[in-house]
Amino acid sequence: MIPLRPLGLGDVLAGAFTVFRRNARVLLLWSLLLSGVLGLASTVATTLGQRSLQERMLSAIGTGTGTGSGPGSDADAITAGSVTLYILLALGVPFLAFLARGFLVAPVAVDTGQRVLGRRGTFRGLWALLEGRRLSVLWWMLLQLAAGAVIGAVFVAVLIGFFGALGATDTAIGGFFLALLGLGLVFGLLVAFFATRFAFTVPTIALEGRGVFSAAAQSWRLTRGAFWRTFGILLLVQIAFSIVAGIASTPLTLGVSLFSGVFDPLGQTTGRPGGLSAGAVVALVVGSLLTIAVQCITDVLSASVTTFLAIDRRIRTEALDQRIAAHLETGQPADPFAPAQPVAQRPWPQQPQQTWGPPPPPWGPQPPLGRQPQQWGGQQQPPQWDGQQPQPPQWGPSRPDGRG
């Protein structure tokens, strides 16, 4: 349960760890099936493909000229096939892993929403709550990949044109690297901007049931006026989790290097120099499992943090906390996370206005100084005036001659 008020950084992080701790088994199962299996396949396939590419390239170089239709035809064919295989392994498997990790945000967001309402989701329950929303999440992931491909193609085209312009002029190498750094910085900032503005799209689809473009527009509205806060928190979380994942991947790198480079430098167990030995394969798998285990945990926490940030923005702009409180007390609305219209201003309690200085005098005639209003039945009654001037007070008994 989170406090029904705008959330700070501590509330967001504490809520993410609470969600994971109280339903770790279900969330880890989702993460293992979606992120773990494909992540392990991606790591192993990329590593083995890279080694295979190196071996085939060395073999092609050692072959020199071939016996085909022209000189070096065998070497060219081996090189082309190796590069094609490596591209398929390096892009195809990570592509599936990206889709899986992106889809993982949806069940984590649904479980986070249930935890806010004081409920605990099950594996089948989360899958049922995503009915009618799974395809929208998948379409959004494919749309992201298409946008990334377009941005990458534009970057390559600009880079090629930049190289051509530099080749036609005499430009110092220092200016070349500065211009290249500036170009990369511009595209990096562009990607970071759009990634932040659309960061709440998948949680919005999962919690509100919106379509792809409606959820993207909702994410754009929620991040309006809170871009730097959202960007800073997401960047901080990603850096922290990347450091943890990097520490966990250290045994993988050391294990592969030790087994393949120290214990079997001549490739005696593989039959060829430079090949992966059986021990290196075991070290690769064990190290990958350790890395994937940490990655599964960080993926769940990162998705929960993103969901809490989306909920916080809805609390600030749509008074979501009031709908959640009404749902918990009366059961209405039935779905507090359903789409709602933004409020013009949060209805915070108005503080009474404080006046400075003495109160203004009341209107109407005032009694003379020293005379108090009479008491009638415990209530103050204003004195009756007949329009005549009040007589001055008499001091002492009156004298017979009329003198005071």
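Cut-offs used in this document
Residues numbered from 1 in each chain as written. Predicted model: local features only at pLDDT ≥ 70, side-chain atom pairs only at ≥ 80, totals over all residues. Heavy atoms only, no water. Helix = DSSP H or I, 4+ residues; strand = E, 2+ residues; numbered from the N terminus. Buried < 20%, exposed > 50% of the residue type's maximum accessible area, 1.4 Å probe, protein only. Contact = heavy atoms within 4.5 Å. Areas by Shrake-Rupley, 256 points an atom, 1.4 Å probe, with all protein chains shown as cover. Salt bridge = Lys/Arg side-chain N within 4 Å of Asp/Glu carboxyl O. Phe/Tyr/Trp six-rings, centres within 6.5 Å; stacked < 30°, edge-to-face > 60°. Lys NZ or Arg CZ within 6 Å of the ring centre and 35° of its normal. pLDDT = per-residue confidence, 0-100.

## Overview of the overall build of the chain
Here is step 1 of the chain: The secondary structure content of the chain amounts to 11 helices and 2 strands.
Here is step 2 of the chain: Reading the chain from its N end, one meets helices and strands in the order α-α-α-α-α-α-α-α-α-α-α-β-β.
Here is step 3 of the chain: In the chain, which comprises 404 residues, the proportion classed as buried is 34%.
Here is step 4 of the chain: By sequence separation, contacts in the chain at least 24 residues apart represent 73% of the contacts at least 6 residues apart.
Here is step 5 of the chain: Approximately 24,300 Å² of the chain is accessible, and the part contributed by carbon and sulfur atoms is 67%.

## Structural notes on the pattern of salt bridges
Here is step 1 of the chain: Enumeration over the complete set of coordinates arrives at 7 salt bridges.
Here is step 2 of the chain: Two residues, Arg314 and Glu318, come together in a salt bridge whose shortest N-O distance is 2.9 Å. Linking Arg314 with Glu318, this pair stays in helix α10 (residues 278-318), spanning 4 residues, or about one helical turn.
Here is step 3 of the chain: Because the salt bridges share partners, they merge into one network encompassing Glu208, Arg210, Arg314 and Glu318.

## Examining the environment of Pro342
Here is step 1 of the chain: Within the secondary structure, Pro342 sits in the loop between α11 (320-330) and β1 (374-376).
Here is step 2 of the chain: Once the C-alpha coordinates of Pro342 and Arg316 are considered, the two residues, 26 residues apart in sequence, prove to be 9.2 Å apart.

## Examining the packing of aromatic side chains
Here is step 1 of the chain: A complete count under the given rule lists 12 aromatic pairs for this structure.
Here is step 2 of the chain: With a centroid separation of 6.1 Å and 85° between ring planes, the pair formed by Trp228 and Phe231 is classed as edge-to-face. Taken as a pair, Trp228 and Phe231 lie in helix α9 (residues 227-262) at a separation of 3 residues, close to a single helical turn.
Here is step 3 of the chain: Overall, the relative accessible area of 24% leaves Phe231 in the partly exposed class.
Here is step 4 of the chain: The rings of Trp140, Phe193, Phe194, Phe198, Trp220, Phe227, Trp228 and Phe231 are connected pair by pair, giving a single aromatic cluster.
Here is step 5 of the chain: Over the face of the ring belonging to Trp127 we find Arg134, whose NZ or CZ atom lies 3.9 Å from the ring centre.

## Some points on the confidence of the model for the chain
Here is step 1 of the chain: A residue-level look at the chain finds 61% of positions with pLDDT of 70 or above and a mean pLDDT of 76.
Here is step 2 of the chain: Averaged pLDDT values for the elements of the chain fall to 49 in β1 and rise to 95 in helix α8 (residues 212-222).
Here is step 3 of the chain: Scored below 50 in pLDDT, residues 375-380 shows 5 contacts in the model against residues more than four places distant or in partner chains.

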